[in-house]
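Listed below are the residues making up each chain.
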Amino acid sequence: MRRRPVFLITILCFGFAFFYVPILSMMVYSFNSSRLVTVWGGFSFRWYEALFSNRQIISAFLLSIEIALFSATFATILGTMAGIALARFTRFRGRTLFSGMVTAPLIMPEVITGVSSLLMFVMMAEWIGWPGSRGFTTVLLAHITFCLVFVATIVQSRMSSFDRSIEEAAMDLGSKPWQVMRDVTLPVIFPAILSGWLLSFTISLDDVVITTFTTGPGATTLPLLIWSKVKLGVTPDVNALATITVVVVGVGVAIAGWLMNRAEARRETDARLAYQTNA
Amino acid sequence: MRQAFSNWFNNKGWIKLMIGIPFVWLTVFFLLPFFIVVAMSFGTNTMTQPPFSFGGEHPLLNFVGYQRLFGDWLYLRAFLTSISNACGATLFCLLIGYPMALALTRVSKGWRNILLMLVILPFWTSFLLRVYAWMGLMGKSSWFNQMITSAWNALVPVDWAVNFMPMMHSNFAVILVMTYTYLPFMILPLYANLERLDPSLDEAAMDLGTKPFGVFRDITLPQSIPGIIAGGLLVFIPAAGELVIPTLVGDASNPMIGRVINDEFAQVRDWPMAATVAVVLLILMVGPMMAYSHYQSIAEGEERP
């Protein structure tokens, strides 16, 4: 019998309190009727009403969603290609450089990525006259670039635990390389591609720093709008917005987790059944 | 023509496209900007639009920006503040994250999945809103600040009593919020590392009469050093370049380097100087970044070639 690790359990409770008390406090105060964000003035939905009647917030939200959808999709296509290339083709000219370019943006301070993207767009405008002004397109290009490395990393690590012999079998049966990709590789790594897309979507939806540097007039995303609001201090309608975000994400993650657990359980049952039938 | 393309595509062409397209993309949108920043750091600030130019006999040997950076205490202090704040956040993440990661390996499998999800969940919600949550808690009249204030007043002599804790706009606030937002980055690599350890080693040591703390010190801790380093760098590197947190809760008179870069860009509009500071920050981070990718693969148990 092992002793219950009392110290570890205590610190676990403390840690989760540290994670969730600020979020819960913010959620509670979103229902505060007082304009003063720290003094409780009774229960009300007024900040939610204010939020949904604020056209600026709604249009910023729609723009953010649009950018996130496009950048996640393009980043997933490019990132999947990069991940497969890095996992499958171990020898080609410039592989070290390629793998460095995939790893570096993952951990580089965002402010450097932001500054360098902005300077590149400025220099390109000088050299080839494009982009004429910064806005939707420049934000999108910057988001695709830093999301694609996350997809590439996820896909690469999935590919490395993938039984190569089924690809070779398809090759031996006369499939062309792109047919092997379409019929064997992509279906097998599909869960990794999907989680790469979801991660890209949330990263793009949430980004402040790179967007501040690459955006221009007329392209204010939701994080930029919140950023400019909270720089001036705490405002109750942001509490309401935060509460909605946490609830939506929480429910989404819970459903995803439940589906994954169920799929796992079903796979285990299937494997057991198959085993019994064979035996 | 079509036949030739189809032959090319089915032989080598497919592979070339798979490598080539992302390679070219990253070269144009990641590597090229990086060289532009380096070139810009040798430029001169002018009143033109865009506000820089390259001049003189040797346009790429203009070290004015670097001389200013190493001669001006403001820039050096910003680097020191960034590094000390990032070290502080890394240390606190380790102190809280290590026991949490260890505890996660000891709970039952059902609980473990739920708790891991709860660690990751804040990461999926907005980063900005998590920083914002602390702005609400640290303000003068918030319940949290008042609670800390009463605790302080009860413990210290009457002369030291205060009306509220000056938490906002300080390096303390920056370290606290960075610890909060980066804690999952510490817990997850550590958990991945600790989970792979063989429990029979612990049991063998226990059977030989080692006390639990001795087992931790002699068996668990040494084996988790790659995880500690990987997690620590994953916190340290982004924390050192952090822009959002010091802008919202930091001390404006003693800024961190991310904020200096942003201010040089947006307010002073001295782009070459901003590029110079960014290049120096990047050079400082290259070592930690390489160390990270080295220890990351050890912590995950991959074999090094």
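In this convention, every chain numbers its residues from 1, walking through the sequence in written order. Written order determines the labels here, with chains lettered from A and ligands numbered from 1. A pLDDT threshold of at least 70 governs which residues receive local features in this predicted model, and a stricter bar of 80 or more applies before side-chain atom pairs are shown or counted, although totals over entire chains, interfaces and linings include all residues. Hydrogens are left out, water is left out, and the side-chain values use all remaining heavy atoms of the structure.

Engineer: Would you explain the interface of chain A and chain B in this entry?
Structural biologist: In many analyses, interface size is given as the accessible surface area lost on bringing the parts together. Residue-level contacts link 87 residues of chain A with 87 residues of chain B. What gets called buried area is simply the loss in accessible area from a 1.4 Å probe that two parts show on being joined, summed for both. When chain A packs against chain B, the two sides together hide about 8,000 Å² of surface, and 85% of this comes from carbon and sulfur. On the chain A side of the contact with chain B, Phe18(A), Phe19(A) and Ile107(A) bury the most area, a combined 10% of that side's loss. Only one rule defines a salt bridge in this text: a Lys or Arg side-chain nitrogen within 4 Å of an Asp or Glu carboxyl oxygen. Between chain A and chain B we count 0 salt bridges in total. Counting residues per element, the side of chain A that touches chain B draws most heavily on helix H1 (residues 6–29) of chain A, which supplies 16 residues. We call Asp, Glu, Lys and Arg charged. Ala, Val, Leu, Ile, Met, Phe, Trp, Tyr, Cys and Pro are nonpolar, and the rest, Gly among them, are polar. Class assignment for the residues of the side of chain A that touches chain B results in 65 nonpolar, 16 polar and 6 charged. In this description, contact between two residues means that some pair of their heavy atoms is separated by no more than 4.5 Å. Every helix listed is a DSSP run of H or I at least four residues long, and every strand listed is a run of E at least two residues long, numbered separately from the N terminus.

Engineer: It is not clear to me how the packing of helix H10 (residues 222–230) of chain A against helix H5 (residues 127–138) of chain B should be interpreted in this structure. Could you clarify?
Structural biologist: Working convention: axes come from line fits to C-alpha atoms, limited for helices to the stretch in contact. Angles between N-to-C directions cover 0 to 180 degrees. The geometry of H10(A) relative to H5(B) is characterised by a closest axis approach of 11 Å and an angle of 20 degrees between their N-to-C directions. The angle between H10(A) and H5(B) places the two elements in the roughly parallel class. At the point where H10(A) passes H5(B), the crossing takes the left-handed sense. Where H10(A) approaches H5(B), its residues Pro223(A), Ile226(A), Trp227(A) and Val230(A) are matched on the opposing element by Leu128(B), Leu129(B), Tyr132(B) and Met135(B). Any angle from 65 to 115 degrees is called roughly perpendicular, while one under 35 is roughly parallel, one over 145 is roughly antiparallel, and all others are oblique. Left-handed describes a crossing whose near helix is turned anticlockwise from the far helix through less than a right angle; right-handed describes the clockwise counterpart.

Engineer: Even after reading the chapter, I still don't get the side chain of Ser71(A), so can you show me in this structure?
Structural biologist: Residues and elements named next belong to chain A. Turning to its location among the elements, Ser-71 is positioned in helix H3 (residues 55–88). The class for Ser-71 is buried, based on a relative accessible area of 0%. If we skip the residues at most four places from it in the chain, Ser-71 touches Leu-140, His-143, Ile-144 and Ser-204. Only protein chains enter the area calculation, which uses a 1.4 Å probe; residues under 20% of their type maximum are buried, those over 50% are exposed, and those in between are partly exposed.

Engineer: Help me understand the pattern of salt bridges, please; the structure alone is not making it clear to me.
Structural biologist: It is possible for side chains bearing opposite charge to pair when their charged atoms get close. Throughout the structure, instances matching the rule amount to 8 salt bridges over all chains. In this structure, Arg182(A) and Asp183(A) form a salt bridge, with 3.0 Å as the shortest nitrogen-oxygen distance. Relative accessible area serves as the criterion here: at 47%, Arg182(A) is assigned to the partly exposed category. Classification of Asp183(A) as partly exposed rests on a relative accessible area of 46%. Put simply, Arg68(B) and Asp270(B) hold a salt bridge, and the shortest N to O gap is 3.2 Å. Pair noted here: Arg68(B) is in helix H2 (residues 64–71) and Asp270(B) is in the loop between helix H12 (257–266) and helix H13 (271–299), with a separation of 202 residues, a long-range link. Relative accessible area serves as the criterion here: at 37%, Arg68(B) is assigned to the partly exposed category. We classify Asp270(B) as buried; its relative accessible area is 6%.

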